[in-house]
Amino acid sequence: MTGNQITSMYLTLYNAAQSLGWALVLARVIHHGLQSRSLMGAYAAAGYLVRLLQLTAFLEVLHSALGLVHSSTLYNFLQWLGRSHVLFAIIAQIPEVQEQPPILITFSAWALSEVIRCPYYALTLMGMCPRWLTWLRYTAFIVLYPVGALYGEMLVMYQSLDPIKRQNVYSSIFKWLPFDYHSFIVVLMILYPCLWLVLYLHMFRQRQKKLSKKGVVNKRKTQRPKRID
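The structure presented is a predicted model; accordingly, all values stated were derived computationally and were not measured.

Got a minute to help me understand helix 6 (residues 101-125) in this structure?
With 25 residues, helix 6 ought to run about 36 Å at 1.5 Å a step, and its terminal C-alpha atoms sit 37 Å apart, in line with that. Burial within helix 6 is extensive, with 19 of its 25 residues counted as buried. Backbone geometry just downstream of helix 6 places G127 in the positive-phi region, at approximately 70 degrees.

What is the right way to read the packing of aromatic side chains from this model?
Geometrically, a pair of aromatic rings is defined through the distance of the ring centres and the angle of the planes. In the structure shown here, the tally under the stated rule is 16 aromatic pairs. Ring centres of Y181 and F184 lie 5.9 Å apart, and the angle between their planes is 20 degrees; on these two criteria the pair is classed as stacked. One end of the pair, Y181, and the other, F184, are both in helix 10 (residues 181-211), three residues apart, so they sit about a helical turn from each other. Under the relative-accessibility criterion, Y181 is labelled buried at 3%. Ring pairing ties together the aromatic residues F141, Y145, W196, Y200 and F204, which thus form one cluster.

Help me understand the pattern of salt bridges in this model?
Opposite charge on two side chains makes pairing possible when the charged atoms of those side chains draw close. Per the counting criterion, the structure on display carries five salt bridges. Between R83 and E114 there is a salt bridge; the shortest N-O distance is 3.1 Å. Here R83, found in helix 4 (residues 73-91), pairs with E114, found in helix 6; they are 31 residues apart in sequence, far enough to count as distant. The burial state of R83 is the same as that of E114; both residues are buried. Note that E114 is salt-bridged to R117, the shortest N-O span being 2.6 Å.

What counts and how
- Position labels on residues start from 1 in each chain and follow its written sequence.
- Selection of residues for local features in this predicted model requires a pLDDT of at least 70, selection of side-chain atom pairs for listing and counting requires 80 or more, and totals for whole chains, interfaces and linings are taken over all residues.
- For the side-chain quantities, the full set of heavy atoms in the structure was used; hydrogens and water were omitted.
- Strands here are runs of E lasting at least two residues and helices are runs of H or I lasting at least four, both read from the DSSP assignment and numbered beginning at the N terminus.
- The span one expects for a helix is its residue count, reduced by one, times 1.5 Å.
- The buried label applies to any residue whose accessible area, calculated with a 1.4 Å probe on protein chains only, is under 20% of its type's maximum; exposed applies above 50%, and partly exposed to all values in between.
- When the centres of two rings from Phe, Tyr and Trp lie within 6.5 Å, Trp using its six-membered ring, the rings pair. Their planes under 30 degrees apart give stacked, over 60 give edge-to-face, and anything left gives tilted.
- One side-chain nitrogen of Lys or Arg within 4 Å of one carboxyl oxygen of Asp or Glu is enough to make a salt bridge.

Right, dumping it as C-alpha cells:
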C-alpha cells in the first residue's frame, strides 16, 4: 500500500467518523427539541459530543499544514478558532448561556453543515461523490454559515456579556492586560462580521471554482480528488 493510499484511507475514515458524529449531534438536538417542545437545553443533550468533535476537528488544520489536503491552513484555523472560542471559552464555562435558545440554533447549523461537508469529502476521496452532493456542499453554506456564525455564535457572545462582567470571567488570565475578557468580547463582536465575511467570500470563490463547467471537467480528470476547502 502506497503512502497516498494510506493518506486517502485515513482521510476517508476521519471524514466518515465526523459525519457519523455530527449526524448523532443533529439527531440528539432534534429529538430533544421535539420531546421538550423547547429551544432550550440543547447543550445538555449534545454538548459533550459537540466538544469532542470540535476538539478533534483541529486535525483538519494539521492536515492542511502537513500538506495532506489542498486547503488553506489559515482559513481552516480561523474557522476552527471561531467555533472553538464560542464553544469552549463561553458556552462550556458559563452555565447561564448553556440553557439559551441560540445554543440549539448554533449546534443545528454546525451539525447540518458538517453532515453535508464531511460525507462530501469522504465520498470524493473514494471517487463516488454524486454531483448533487457537490452542489449541496457548495450551496448550503450560503444559508448555514450566516445562521451559525452571525446569528448563533454572535448571539451567544452577546448573551454572555452580562454573566462575564458579573462573574469577572478569566480575570486571572487578563489581569496582566489593559483590558478584561468582557472588553475582549465586545471588540470581537465588532470585528466578527468582518472576519466572517473573509471566510464567506472564500467559500463563494470555492463554489464558483467547484461548480463551474471547468471545475467539473477537472474533477473527472483527477484520479484521486483533492480537498480544496
